Amino acid sequence: MKALSRLAPAFAAALAVTAIAVPAASASAASRPAPASPAHQHRVDGGGSDAVFVLNDNTTANAVAAYHRAADGRLTLAGTYDTRGLGGVLSGSVVDHTASEGALTYDRASGLLFAVNPGSNSVSVFRVSGDRLSLRQVIWSGGQFPVSVTVHGNHAYVLNALGGGTLSGYRISGGWVAPIAGSTRGLGLGTTAATAFTGTPGQVTFSPDGRSLLVTTKAASNAVDVFSVNGDGTLSSSPTVNTLAGDVPFATAFDRNGDVLVSEAGPNAVATFTLGAGGVLTQLHVADTGQMATCWIVRDGRYFYASNAGSGSVSGYSVGSSGGLTGLGNTTTDAGTVDAAAAGHGRFLYVQTGKSGIVDEYAVGAGGALTSIGSVTVAGAVGGEGITAA
């Protein structure tokens, strides 16, 4: 694998050190109903069933911006919704304050949207109705500084980045969310204040069959930890640790064959792996992006797009039946490229860019080519992360 030393210039080209203190959460933030009030909700546009949601991660008042998606893919602001929590900023960040993927997660089956509040150690749960949201609960995240949420069936897991990294599980029933007893697991990462940006976990993801839970640890241990999921939603007592020496695994996605794609910030690459028995990852192929700070990866139908924060671009790939990667080229975005979301059955890609809080809109054409169709600026979202589509 490639040397970890390549991570430093990739990030340093675009990012400078920023440190903002965040308050601790109170235990009173545990599961409770929290319907949105007019003072915490602003509606500016009507209806529509196709939507894109963006989390601004604002440290004063975290909020979700809801956009109506037109037939041609263009976005129009439909409303902004207070999470009743606070955004947070990892020391060392500039354009990606949570340094993670999955800060905003939509579960189509339950119709629920999960938004992390890193600054208040909580997760907000919204009911989705087209491009409208209603806040149902604000729950404790089970740890410090939540950064990523994943859902499969009636189980959800939250990844907390600080305090060594923890996972906490929740059960979804009747549109409400409650903690799963005995589900919390510690990752035991040796993160310090000086390494918070690169030394915290990046994403938690269920496998397509829901039997495994994957966690990327970035430079904390250069590993993808794989827990087995029990029938009651709890996890194995310890994970299978797949060490990718020097590769700084940041985010994961799955292809149609169930193989895992990993974005690697160390060498600025995308790699494919099989997920075998016992949670063992076996590498199939790797492709360098030729860009800087390759961190996020999202599936869009047949194609995958990796975001390159240091280059202001996304790199496209198709994946063969044996895990081979074919590059589709790089597409320029606004500065500070972070998370992305696919919509319209693979016809559109929306890319969040953290430097100015902009979401770039693209139509996905033949062969995965991206054509710009516009952009929107999300209020208060400089450095924010978290985007998803309904």
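The notes below deal with the structure included here. (Residues numbered from 1 in each chain as written. Predicted model: local features only at pLDDT ≥ 70, side-chain atom pairs only at ≥ 80, totals over all residues. Heavy atoms only, no water.)

1. Structural notes on the nonpolar core
Across soluble globular proteins, you tend to see nonpolar side chains buried next to one another.
Alright, step 1. F53, V64, L113, F114, F126, L133 and V177 are the most contacted members of the largest nonpolar core, which has 30 residues in total.
Alright, step 2. Top element by residues in this core is strand β6 (residues 112-117). It accounts for 5 residues.
Alright, step 3. Once residues within four sequence positions are removed from consideration, F114 is found in contact with A103, L104, T105, D107, V123, S124, V125, V149, V151, A156, I172 and V177.
Alright, step 4. Counting 20 residues, the second-largest nonpolar core is a separate cluster that includes V270, A293, W296 and A306. (Core = buried A, V, L, I, M, F, W, Y, C linked by side-chain atoms within 4.5 Å. Buried < 20%, exposed > 50% of the residue type's maximum accessible area, 1.4 Å probe, protein only. Helix = DSSP H or I, 4+ residues; strand = E, 2+ residues; numbered from the N terminus. Contact = heavy atoms within 4.5 Å.)

2. Side note on the pattern of salt bridges
Alright, step 1. The full count for this structure, using the stated rule, is 2 salt bridges.
Alright, step 2. Ionic pairing is found between R69 and D50, a salt bridge with its closest N-O pair at 3.4 Å. Separated by 19 residues along the polypeptide, R69 in strand β3 (residues 63-69) and D50 in the loop between β1 (41-43) and β2 (51-55) bring together distant segments of the chain.
Alright, step 3. A relative accessible area of 5% places R69 in the buried class.
Alright, step 4. According to the relative accessible area criterion, D50 is partly exposed, its value standing at 31%.
Alright, step 5. Here R74 ties to D72 by a salt bridge, and the two come within 2.8 Å at their closest N and O atoms.
Alright, step 6. On the basis of relative accessibility, which here comes to 41%, the residue R74 falls in the partly exposed class. (Salt bridge = Lys/Arg side-chain N within 4 Å of Asp/Glu carboxyl O.)

3. Concerning the environment of A78
Alright, step 1. Along the chain, A78 turns up in strand β4 (residues 75-82).
Alright, step 2. Note: C-alpha distance between A78 and V52 (26 residues apart in sequence) is 9.8 Å.

4. Some points on the sheet that holds strand β26 (residues 337-343)
By definition, the strands of a sheet pair up through backbone hydrogen bonds, in either a parallel or an antiparallel sense.
Alright, step 1. The sheet built from 4 strands is open, its strands ordered β26-β27-β28-β29 with antiparallel pairing. In this open sheet, the two edge strands, each paired with only one partner strand, are β26 and β29 (370-377). Between one strand and the next, the sheet's axes are offset by a mean angle of 25°, whatever the strand orientation.
Alright, step 2. Bridge analysis of strand β28 (residues 358-364) against β29 gives 7 bridges, and the strand direction is antiparallel. Residue pairing across strands places A363 opposite T371, the latter belonging to β29. (Pairing = 2+ DSSP bridges. Axes fitted to C-alpha atoms, helices over the stretch in contact; angles between N-to-C directions.)

5. Concerning the pairing of strand β9 (residues 144-152)
Alright, step 1. Counting buried residues in β9 gives 7 out of 9 residues, a clear majority hidden from the surface.
Alright, step 2. Between β9 and the antiparallel strand that follows it, strand β10 (residues 155-162), lie 2 residues; G153 among them carries a positive phi value of about 60°.

6. Describing the sheet that holds β6
Alright, step 1. Pairing in this open sheet of 4 strands is antiparallel, and the strands run β5-β6-β7-β8 from one edge to the other. Only two strands of the sheet have a single partner each, and these edge strands are β5 (104-107) and β8 (132-140). Strand-to-strand twist in this sheet, taken as the mean axis angle between neighbours without regard to direction, amounts to 25°.
Alright, step 2. Relative to strand β7 (residues 122-129), β6 runs antiparallel, the two being bridged by 6 bridges. In the sheet register, L113 faces β7, and the bridge partner there is F126.

7. Focus on the environment of T200
Alright, step 1. As for its position among the elements, T200 is in the loop between β13 (185-186) and β14 (203-206).
Alright, step 2. A C-alpha to C-alpha distance of 9.2 Å links T200 and L90, two positions 110 residues apart in sequence.
Alright, step 3. Here T200 is in contact with L90, A161, L162, T191, T195, T217, K218 and A220, once residues within four sequence places are set aside.
Alright, step 4. At 2.7 Å, the side chain of T200 and the backbone oxygen of A196 are in polar contact.
Alright, step 5. A polar atom in the side chain of T200 sits 3.0 Å from the side chain of K218. (Polar contact = N/O pair within 3.5 Å; in protein donor to acceptor, adjacent residues only side chain to side chain.)

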